[in-house]
Amino acid sequence: MSNIVDPLVARIAARVRTERERRRWTLAQLAEASGVSQAMISRIERGESSPTAVVLGKLSAAFQLGIASLLTLAEGTQDDDTTGIAGVLRRADAAEWRDPATGYRRRQITGPQFPAEIAEIHLPPGARVPYPAAAFAFVRQVVWVLGGHLTFHDGDTVHELHEGDTIELGEPTERAFANTSDTDCRYAVILARGTRP
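Residues numbered from 1 in each chain as written. Predicted model: local features only at pLDDT ≥ 70, side-chain atom pairs only at ≥ 80, totals over all residues. Heavy atoms only, no water.

### Overview of the side chain of R107
Note on placement: R107 falls in strand β2 (residues 105-108). Ignoring any residue separated from it by four or fewer positions in sequence, one finds R107 in contact with R91, A94, A95, E96, I118, A119 and E120. (Helix = DSSP H or I, 4+ residues; strand = E, 2+ residues; numbered from the N terminus. Contact = heavy atoms within 4.5 Å.)

### Details of the environment of F136
As for its placement among the helices and strands, F136 is situated in the loop between β4 (128-131) and β5 (140-147). Ignoring anything within four residues of it in the chain, the contact list for F136 reads Y131, Q141, L169, P172, T173, R175 and F177.

### Here we look at the sheet that holds strand β6 (residues 149-154)
Here four strands make up an open sheet; going across it, the order is β4-β9-β6-β7 and the pairing antiparallel. Unpaired on one side and paired on the other, β4 and β7 (157-162) mark the two borders of the sheet. Sheet twist, expressed as the average angle between the axes of neighbouring strands with direction ignored, equals 15 degrees. Bridge analysis of β6 against strand β9 (residues 175-178) gives four bridges, and the strand direction is antiparallel. Counted as the bridge partner of T151 is A178 from β9. (Pairing = 2+ DSSP bridges. Axes fitted to C-alpha atoms, helices over the stretch in contact; angles between N-to-C directions.)

### What about the packing of aromatic side chains?
Applying the stated criterion to the full structure yields six aromatic pairs. Geometrically, the ring pair formed by Y131 and F136 is edge-to-face, given 6.1 Å between the ring centres and 75 degrees between the ring planes. Residue class for Y131 comes out buried when judged on its relative accessible area of 5%. One cation-aromatic arrangement involves R23 over W25; the distance from NZ or CZ to the ring centre is 6.0 Å. Stacked on the ring of F136, the Lys or Arg R175 has its end atom at 4.7 Å from the ring centre. (Phe/Tyr/Trp six-rings, centres within 6.5 Å; stacked < 30°, edge-to-face > 60°. Buried < 20%, exposed > 50% of the residue type's maximum accessible area, 1.4 Å probe, protein only. Lys NZ or Arg CZ within 6 Å of the ring centre and 35° of its normal.)

### Quick look at the environment of A28
As for its position among the elements, A28 is in helix α2 (residues 27-34). As for A28 and I41, which are separated by 13 residues in sequence, their C-alpha atoms are 9.3 Å apart.

### What to know about the sheet that holds β2
Pairing is antiparallel across the open sheet formed by six strands, whose spatial order is β1-β2-β3-β10-β5-β8. Only two strands of the sheet have a single partner each, and these edge strands are β1 (96-98) and β8 (166-168). Taken pair by pair, the neighbouring strands of this sheet meet at an average axis angle of 20 degrees, ignoring direction. The pairing of β5 with β8 spans three bridges and is classified as antiparallel. Note on β8: the bridge partner recorded for W144 is T166.

### Here we look at the packing of α2 against helix α4 (residues 53-63)
Their axes nearest at 8 Å, the elements α2 and α4 cross at an angle of 105 degrees. The angle between α2 and α4 places the two elements in the roughly perpendicular class. Where α2 approaches α4, its residues L30, A33 and S34 are matched on the opposing element by K58, L59, A62 and F63. Classifying every residue of the contact of α2 with α4 by side-chain character gives five nonpolar, one polar and one charged. (Parallel < 35°, antiparallel > 145°, perpendicular 65-115°, else oblique. Nonpolar A, V, L, I, M, F, W, Y, C, P; charged D, E, K, R; others polar.)

### Section: helix α3 (residues 38-45)
Every buried residue of α3 is accounted for by I41, S42, I44 and E45. Projected down its long axis, α3 carries its buried residues within an arc of 160 degrees, all on one side. The positive-phi residue at the C-terminal boundary of α3 is G47, with phi of around 75 degrees. (Arc of directions from axis to C-beta.)

### Re the pattern of salt bridges
Side chains bearing opposite charge may pair, as long as their charged atoms lie close to each other. By the definition in use, this model includes 10 salt bridges. Within this structure, R15, E19, R22 and R23 form a network of salt bridges that share partners. (Salt bridge = Lys/Arg side-chain N within 4 Å of Asp/Glu carboxyl O.)

### Description of the side chain of E120
On the secondary structure map, E120 appears in strand β3 (residues 116-123). With relative accessibility at 11%, the residue E120 sits in the buried group. A polar atom in the side chain of E120 sits 2.7 Å from the side chain of R107. A distance of 3.4 Å separates a polar atom in the side chain of E120 from a polar atom in the side chain of H122. Residues within four places of E120 in sequence aside, it is in contact with R105, R106, R107, I109, R186 and Y187. (Polar contact = N/O pair within 3.5 Å; in protein donor to acceptor, adjacent residues only side chain to side chain.)

Structural data, given as C-alpha cells:
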C-alpha cells in the first residue's frame, strides 16, 4: 500500500534533496556514496516513492547523519521558525512515518529545538530493519523497550531485549532491529544530538 499521499513523504523528499544539494552532490555522487540507485534517489526526491527504513539508513550514512536525525529534520524541519517554545504536542498532531516495506512506524516525541531526540517505534511481528554502521555516526543512542520483545543485532552480538530493558549503543557498527515474536514490539530511541558535519 502506497503512502505517497502522506505529507511526511514530501518532507522526506525535500530533506534528502536539501542534504544532497547542501553538499553539492549530484545524484550519481549520492548513489555512489550510499549504494542506493540514482533512479530510486530521484523517485524519493520527487516524492514519487516512500523510502524504506533500509534505504533511509543508507542515505543517512552517506550524509553522515544518524537516521533519527534525518527523519527528525524531515518531521520537524529545523529550518522552520519554531522559536524553541516548549508546549504540548498532541498524539493526533504528531507526524508518524511508516516504512512501506516492513510496516515499521516511527513517531517523533521531541521537537527540533530539544537537546535530545526521542522517537517511539512500533515494530510489527516478523519485521527486521538493518542499518549500516555509518547511520550511527555522530550520535549517542539508547534503545528502551516499552513493550514486547526486541532482538537487537549489535554487530556480531545479539541481544534479546524485553519490556523495560535498555541498551546504550557504543561505537558505530552494523545493527539490526528485529521482532521475532508474534506480537508488536514498541520501543523508544533516545539520541543525544552531536555536532552535524
